[in-house]
Amino acid sequence: WWRIEDGRVNFSFTGLASNENGWWYLENGKVNFGYTGIKNNAYGWWRIEGGKVNFSFTGIAHNENGWWYLEGGKVDFSKNSVEQNENGWWKITNGKVDFGFNGAASNKNGTWYIRNGKVDFSFSGDAYGYSFSGGKAIG
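Not measured: the values here are computed from a predicted model.

**Examining the overall build of the protein**
Within the protein one finds 0 helices and 20 strands. Relative to the compact-globule value of 14 Å for 139 residues, the protein shows a C-alpha radius of gyration of 19 Å, a clear excess of over 25%. C-alpha atoms of the protein, sized along the principal axes, occupy 65 × 20 × 20 Å. Looking at the protein as a whole, 43% of its 139 residues qualify as buried. Of the contacts formed within the protein by residues at least 6 apart in sequence, a portion of 31% connects residues at least 24 apart. Summed over its atoms, the accessible surface of the protein is roughly 7,700 Å², and 48% of this surface lies on carbon and sulfur atoms. Charge-centre separation for the protein: the mean point of 14 positive side chains lies 0 Å from the mean point of 13 negative side chains.

**Here we look at a nonpolar patch on the surface**
A contiguous nonpolar patch, built from Trp2, Ile4, Val9 and Phe11 and spanning about 410 Å² of accessible area, is present on the exposed surface. With respect to the helices, strands and loops of the structure, Phe11 is situated in the loop between β2 (8-9) and β3 (15-19). For Phe11, a relative accessible area of 53% gives the class exposed.

**Let's talk about unusual backbone geometry**
Notably, Asn28 is not glycine yet its phi reads approximately 50°, a positive angle. By secondary structure assignment, the location of Asn28 is in the loop between β4 (22-27) and β5 (30-31). Here the phi dihedral of Asn116 falls at roughly 55°; this positive angle occurs in a residue that is not glycine. Looking at the element boundaries, Asn116 is found in the loop between β16 (110-115) and β17 (118-119).

**Comments concerning the pattern of salt bridges**
Scanning the entire structure with this criterion turns up 4 salt bridges. Here Asp120 makes a salt bridge to Arg115, at a shortest N to O gap of 2.9 Å. Exposure remark for Asp120: the relative accessible area of 14% places this residue in the buried category. What makes Arg115 partly exposed here is its relative accessible area of 38%.

Parameters and conventions
Residues numbered from 1 in each chain as written. Predicted model: local features only at pLDDT ≥ 70, side-chain atom pairs only at ≥ 80, totals over all residues. Heavy atoms only, no water. Helix = DSSP H or I, 4+ residues; strand = E, 2+ residues; numbered from the N terminus. Rg over C-alpha atoms; globule rule 2.2 N^0.38 Å. Buried < 20%, exposed > 50% of the residue type's maximum accessible area, 1.4 Å probe, protein only. Contact = heavy atoms within 4.5 Å. Areas by Shrake-Rupley, 256 points an atom, 1.4 Å probe, with all protein chains shown as cover. Lys, Arg positive; Asp, Glu negative; His and termini not counted. Charge placed at Lys NZ, Arg CZ, Asp CG, Glu CD. Patch = residues over 30% accessible without salt bridge, like charges linked within 9 Å, V, L, I, M, F, W, Y side chains within 5 Å. Salt bridge = Lys/Arg side-chain N within 4 Å of Asp/Glu carboxyl O.

Laid out in structure tokens, this is it:
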């Protein structure tokens with residue numbers, strides 16, 4: 001698997017490239033089948049799994065610049081919500097996981113008490129204009 005530019009193989013190309021089998025992440029001219037994370041090209045930031053772009057991925061993923069919310073494989077920079085991944089429930093601000101956020105934040109499942117970017121399911125009490133039980137606003 002090589003990237004061809006102007007009729008020549010570019011042995012040092014690093015980035016996203018396509019062929020008849022889809023879009024791939026190349027490092028130094030070859031597909032990196034071991035890479036899973038997020039990379040960008042002129043069309044945006046995309047989820048890569050095993051070297052191939054996963055255009056259907058929706059959820060939280062990371063790259064060297066942090067943790068991000070992706071919708072349909074692409075980072076959604078307008079996302080402001082609380083979302084879940086295998087590590088917990090997180091506050092998303094402008095598409096990026098906001099690990100420093102403290103306050104109340106909402107998603108389709110309700111309003112949540114957030115401490116250090118993550119839902120604090122142990123919190124019960126009044127804060128930020130809400131009454132919380134188990135981290136979720138009640139009433």
